[in-house]
Amino acid sequence: MSRRLFFGLKPDEKVRNALDRAARSQPDFKGRPPHPEDLHMTLLFLGQVEGRLDPVLEVASRVQVPPFSMTLDRFGFWPRSGILFLRPSVTPEPLFQLVRSLEKGLEACGFISDQQEYKPHVTLSRKSQPVAAEGPGKPVEWNLDRFCLYVSQPAQDPPYYRIINHWPLALP
Ligand code: ATP
Ligand code: MG
């Protein structure tokens, strides 16, 4: 069996509504927004994974990072993909710790190699127009207390991403 996997953060309904408001506040907001249940911040993309997931689950269960909050306060746009996104102007240290901890564990068991530089963002729309990169009127505050393992199923109807497991953010 083979599935397309990634680790990510899923906003609760309050944050999803705030993201929706932020997107609509963007004057050049056009394009295709994701299904509300698909709004997420990728932590680490694994790609296609064959066989048993136990080693991946084991790596996730060993993560020791405290809960944290972040402020999504800058729009951005990637011209090649037409992706309009919101990102934190300041990346909280626990977010870096979380990504590094997953990377180290997964590298050690051969699941990933040569990851690109991590660029935290939430995609608000695809096939979008270029936007000026200022912030939304009201920055989106997001409190994180867990992280998730998703399976990506782009061939079916949205939502495309399904959470198959999640772990608390906690120190021992
Ligand atoms: P599609 O590829 O059909 O446009 P998608 O990008 O939404 O759909 P996936 O490609 O399965 O779906 O990606 C799932 C998540 O992982 C998305 O947030 C995507 O941006 C991210 N992602 C995909 N590939 C990479 C990669 N090589 N490096 C970092 N993140 C990635
Ligand atoms: Mg993709």
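Read on for a plain summary of the structure. (Residues numbered from 1 in each chain as written. Chains lettered and ligands numbered in written order. Predicted model: local features only at pLDDT ≥ 70, side-chain atom pairs only at ≥ 80, totals over all residues. Heavy atoms only, no water.)

**So, the overall build of the protein**
Secondary structure assignment for the protein yields three helices and eight strands. Taking 172 residues into account, the globule formula puts the C-alpha radius of gyration at 16 Å, and the protein, at 16 Å, falls close to it. With the C-alpha coordinates aligned to their principal axes, the bounding extent of the protein is approximately 45 × 35 × 30 Å. Counting only residues that meet the buried cut, the protein has 43% of its 172 residues in that class. Here the contacts in the protein between residues at least 6 apart in sequence split such that 79% fall between residues at least 24 apart. Carbon and sulfur atoms provide 49% of the accessible area of the protein, an area that totals close to 9600 Å². Side chains of the protein give 22 positive and 19 negative charges; the mean places of these two sets differ by 3 Å. (Helix = DSSP H or I, 4+ residues; strand = E, 2+ residues; numbered from the N terminus. Rg over C-alpha atoms; globule rule 2.2 N^0.38 Å. Buried < 20%, exposed > 50% of the residue type's maximum accessible area, 1.4 Å probe, protein only. Contact = heavy atoms within 4.5 Å. Areas by Shrake-Rupley, 256 points an atom, 1.4 Å probe, with all protein chains shown as cover. Lys, Arg positive; Asp, Glu negative; His and termini not counted. Charge placed at Lys NZ, Arg CZ, Asp CG, Glu CD.)

**Comments concerning the site of ligand 1**
Every residue close to ligand 1 is listed here: Arg4, Phe6, His40, Thr42, Phe45, Arg126, Ser152 and Tyr161. Here Arg4 contributes a side-chain N or O atom positioned 2.7 Å from an oxygen atom of ligand 1. The contact in question runs from an oxygen atom of ligand 1 to an N or O atom on the side chain of His40, over 2.6 Å. Its free accessible area being 600 Å², ligand 1 has 59% of it covered by the protein chains. Put simply, the parts of the chain that give the shell around ligand 1 at least two residues each are strand 1 (2-9) and strand 2 (41-50). (Near = heavy atom within 4 Å. Polar contact = N/O pair within 3.5 Å; in protein donor to acceptor, adjacent residues only side chain to side chain.)

**Structural notes on helix 1 (residues 13-25)**
The end-to-end C-alpha distance of helix 1 is 18 Å, a good match for the 18 Å that 13 residues give at a rise of 1.5 Å each. Where helix 1 is buried, its residues meet strand 3 (68-78), strand 4 (83-88), strand 5 (122-125) and strand 6 (140-144). (Expected span 1.5 Å × (residues − 1).)

**What to know about helix 2 (residues 54-61)**
When we look at burial in helix 2, the residues that qualify are Val56, Val59 and Ala60. Viewed along the axis of helix 2, the buried residues span an arc of 100°, placing them on a single side of the element. Check the buried side of helix 2 and you find it contacts strand 1, strand 2, helix 3 (93-108), strand 7 (146-152) and strand 8 (161-168). (Arc of directions from axis to C-beta.)

**Structural notes on the state of the cysteines**
Within the structure shown, the criterion is met by zero disulfides. With no disulfide of its own, Cys109 lies closest to Cys148 among cysteine sulfurs, the gap being 20 Å. (Disulfide = S-S within 2.5 Å.)

**Focus: the packing of helix 2 against helix 3**
Two numbers describe how helix 2 lies on helix 3: the axes approach to 9 Å, and their chain directions differ by 145°. Between helix 2 and helix 3 lies a crossing whose hand is right-handed. Seen from helix 2, the contacting residues are Val56, Val59 and Ala60; seen from helix 3, they are Leu102, Gly105 and Leu106. Among the residues forming the contact of helix 2 with helix 3, the class breakdown is five nonpolar, one polar and no charged. (Axes fitted to C-alpha atoms, helices over the stretch in contact; angles between N-to-C directions. Left-handed = near helix turned anticlockwise from the far one by under 90°. Nonpolar A, V, L, I, M, F, W, Y, C, P; charged D, E, K, R; others polar.)

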